Amino acid sequence: MTTTTLDDVQARESRHVLQTYRRAPVTFVRGEGVHLYDAEGHEYLDLLSGIGVASLGHAHPALSRAIAEQAHTLIHTSNLFYHPLQGHLAERLANLSGLPRAFFCNSGTEAVEACLKFARRYWYTRGEPRQEFIAIEGSFHGRTFGSLSVTSDAHYRAPFEPLLPSVKFVPVNEPAALRAAVSRATAAIIAEPVQGEGGIRPLTPAFAEAIRDACAKSGALFIADEVQSGLGRTGYPFYFAALGLKPHLVSIGKALGGGVPVGAALVSQEVADTISFGDHGTTYGGNLLACRAALCVLDHLVGGGLLGHIARVGQHVEQRLKRLAAKHPMIKEVRGKGLMWGLELTCDAAPVVTAALERGVVVNRTAERVIRLLPPLVITDAEIDEGLGRLDAALGAVGAQG
Ligand SMILES: Cc1ncc(COP(=O)(O)O)c(C=O)c1O
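Rules used in this analysis
- Residues numbered from 1 in each chain as written.
- Predicted model: local features only at pLDDT ≥ 70, side-chain atom pairs only at ≥ 80, totals over all residues.
- Near = placed C-beta within 6 Å.
- Helix = DSSP H or I, 4+ residues; strand = E, 2+ residues; numbered from the N terminus.
- Nonpolar A, V, L, I, M, F, W, Y, C, P; charged D, E, K, R; others polar.
- Axes fitted to C-alpha atoms, helices over the stretch in contact; angles between N-to-C directions.
- Parallel < 35°, antiparallel > 145°, perpendicular 65-115°, else oblique.
- Left-handed = near helix turned anticlockwise from the far one by under 90°.
- Contact = placed C-beta atoms within 7 Å.
- Pairing = 2+ DSSP bridges.
- Expected span 1.5 Å × (residues − 1).
- Buried ≥ 20, exposed ≤ 12 C-beta atoms within 10 Å, placed from the backbone.
- Arc of directions from axis to C-beta.
- Core = buried A, V, L, I, M, F, W, Y, C linked by C-beta atoms within 7 Å.
- Domains from an automatic or database assignment.

> Help me understand the site of the ligand in this model?
Around the ligand sit 14 residues, and of these Gly-108, Thr-109, Gly-142, Val-227 and Gln-228 come closest. Of all the elements, helix α5 (residues 108–125) adds the most residues to the shell around the ligand, at three residues. Along the lines of polarity and charge, the residues of the shell around the ligand split into three nonpolar, eight polar and three charged.

> How should I be thinking about the packing of helix α13 (residues 306–327) against helix α15 (residues 381–400) in this particular structure?
For any two helices packed against each other, the geometry is given by the interaxial angle and the distance between the axes. Two numbers describe how α13 lies on α15: the axes approach to 11 Å, and their chain directions differ by 20°. Between α13 and α15, the interaxial angle falls into the category roughly parallel. α15 is crossed by α13, and the crossing has right-handed handedness. Facing α13, whose interface residues are Val-313, His-316, Val-317, Arg-320 and Leu-324, α15 presents Asp-381, Ile-384, Asp-385, Leu-388, Asp-392 and Leu-395. Across the contact of α13 with α15, the residue classes tally to six nonpolar, one polar and four charged.

> Is there a simple way to explain the sheet that holds strand β16 (residues 364–366) in this structure?
Hydrogen bonds along the backbone pair up the strands of a sheet, which may run parallel or antiparallel. Spatial ordering of the open sheet is given by β13-β14-β17-β16, a layout of four strands whose pairing is antiparallel. Of all the strands in the sheet, just β13 (331–337) and β16 have a single pairing partner and so form its edges. For this sheet the average axis-to-axis angle between neighbouring strands, irrespective of direction, equals 30°. Where strand β14 (residues 340–345) and strand β17 (residues 370–373) come together, four bridges link them in antiparallel fashion.

> What's the story with the pairing of β13 in this structure? I'm lost.
The two faces of a sheet get side chains in turn, since along a regular strand they alternate between them. Sheet topology places β13 next to β14; six bridges connect them, and they run antiparallel. Across the sheet, residue Glu-333 finds its bridge partner in β14, namely Glu-344. As consecutive antiparallel partners, β13 and β14 are separated by two residues, and within that stretch Gly-338 has a phi angle of approximately 55°, a positive value.

> Got a minute to help me understand the packing of helix α4 (residues 86–97) against helix α12 (residues 288–303) in this structure?
Here α4 crosses α12 at 35°, and the two axes come no closer than 9 Å. Seen along the crossing, α4 lies across α12 with a hand that is left-handed. Seen from α4, the contacting residues are Gln-86, His-88, Leu-89, Arg-92 and Leu-96; seen from α12, they are Cys-291, Ala-294, Leu-295, Leu-298 and Val-302. In terms of residue class, the contact of α4 with α12 is built from seven nonpolar, two polar and one charged.

> I'm lost on helix α3 (residues 61–73) in this one. Help?
Residues lying three or four places apart along an α-helix face the same way, a consequence of the helix completing one turn every 3.6 residues. Here α3 is 13 residues long and its end C-alpha atoms lie 18 Å apart, about the 18 Å a rise of 1.5 Å per residue gives. Looking only at α3, the buried set comprises Leu-63, Ala-66, Ile-67 and Gln-70. Viewed along the axis of α3, the buried residues span an arc of 95°, placing them on a single side of the element. In this structure, α3 carries Pro-61, Arg-65, Ala-68, Glu-69 and His-72 as exposed residues pointing more than 90 degrees from its buried face.

> Got a minute to help me understand unusual backbone geometry in this structure?
Negative phi characterises most residues that are not glycine, and trans characterises most peptide bonds. In this structure, the amide linkage connecting Glu-161 to the following residue, Pro-162, adopts the cis form with an omega of 5°. The residue Pro-162 is located in the loop between α7 (154–157) and β6 (167–170) in this model. We note that Ile-51 has phi near 60°; this positive angle belongs to a residue other than glycine. Tracing the chain through its elements places Ile-51 in helix α2 (residues 49–52).

> Would you mind going over the environment of His-42 with me for this structure?
With respect to the secondary-structure elements, His-42 resides in the loop between β2 (35–38) and β3 (43–46). Residue classification places His-42 among the exposed residues on the basis of 11 C-beta atoms within 10 Å. A sequence separation of 14 residues divides His-42 from Phe-28, and the C-alpha atoms of the two residues are 9.3 Å apart. Once residues within four sequence positions are removed from consideration, His-42 is found in contact with Tyr-37 and Gly-360.

> Explain the nonpolar core to me, please; I cannot follow it from the model alone.
The tendency in soluble globular proteins is for nonpolar side chains to be buried side by side. Counting 122 residues, the largest nonpolar core has Ile-189, Ile-211, Leu-249, Ala-264 and Ala-293 as its most contacted members. Lining this core are residues from two domains, each supplying at least three of them: domain 1 (6–60 + 305–400) and domain 2 (74–303). Once residues lying within four places of it in the same chain are set aside, the contact partners of Ile-211 are Leu-178, Ile-189, Ala-191, Phe-222 and Leu-245.

Written out as structure tokens, the structure reads:
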């Protein structure tokens, strides 16, 4: 029998689950829309959506139905055979991104790994095996060896070195540094159009222009990591388009499956032409269940008017956050777009995150001092007001403690 009291859950996990996560002391057992419920029946407003994953909220009727129907029909057959859904999903993503081909995988880090491998393969096929990647300080691309190699934070990297040797980091939003670093040895530049884990930091138009120029001059490919910022999160299908960038490769994940693990590397025709059978693969990638969930999410994002909704609610969030910043001196800066926001504090954000959870609102801390908000994309103005009201109380309580 499954026990759900917090003490039981903690005791069992502490014996048998590898202790890589410092979890908050709450056991969620149910969700509905933007709300989560713990084992004791307390209600929480979810302004994090499982780190940007539960894009349609929790227990969304259409998504639940699609997953259940698919589970009753056929879940998985492997990539040794065709199935009817993968091509449809690739076609929908091509229409949304302008990149005509997709490779499906199961997570963000795998999507980034695929992009890095395809960039190397591009140069290898062209008989000019460029190896170097230019990455950005403050970036986060995942925890597998390739993705970790282009992730800048020493805290994530140090225990696992040596990583890929041919990676150079440049400071974020410093166009001159980027221009100076890129050369004819550069295979690809990789950047998040809005840095997520690095503290919700959009690239500036001047930095985007430097990426564009450097690629044009050197021939280097551009990989946009849209795992966190993509698929509507910022109010745009992809934030690279808002910056006027045309990536050769795009990594996506998180929001795509609404909670079912699925990621993808989206690839330009020029890069696709250099890839051969057997160059890359995965057992699960793009199976029927994952594709069915992703198609349902895209139905809502594109056909269901969700993009317009995000842009509109995003403006409301921005106004509300600016009001919070005017009220609480501990908020140093408000950054973000659409439904992807960071509140940079003058102090460690952890006590505020804890106080928020105690008051029934889920947010998290990133880059030490930043409170991150990634609510479900379906959230309404009234739900934002409710959640930010609780966050306001949490900021007040922590502020009062000095
Ligand atoms: C921009 C970006 N890339 C890649 C990843 C890695 O994704 P995953 O945790 O699904 O492997 C993340 C995760 O936070 C991310 O934000």
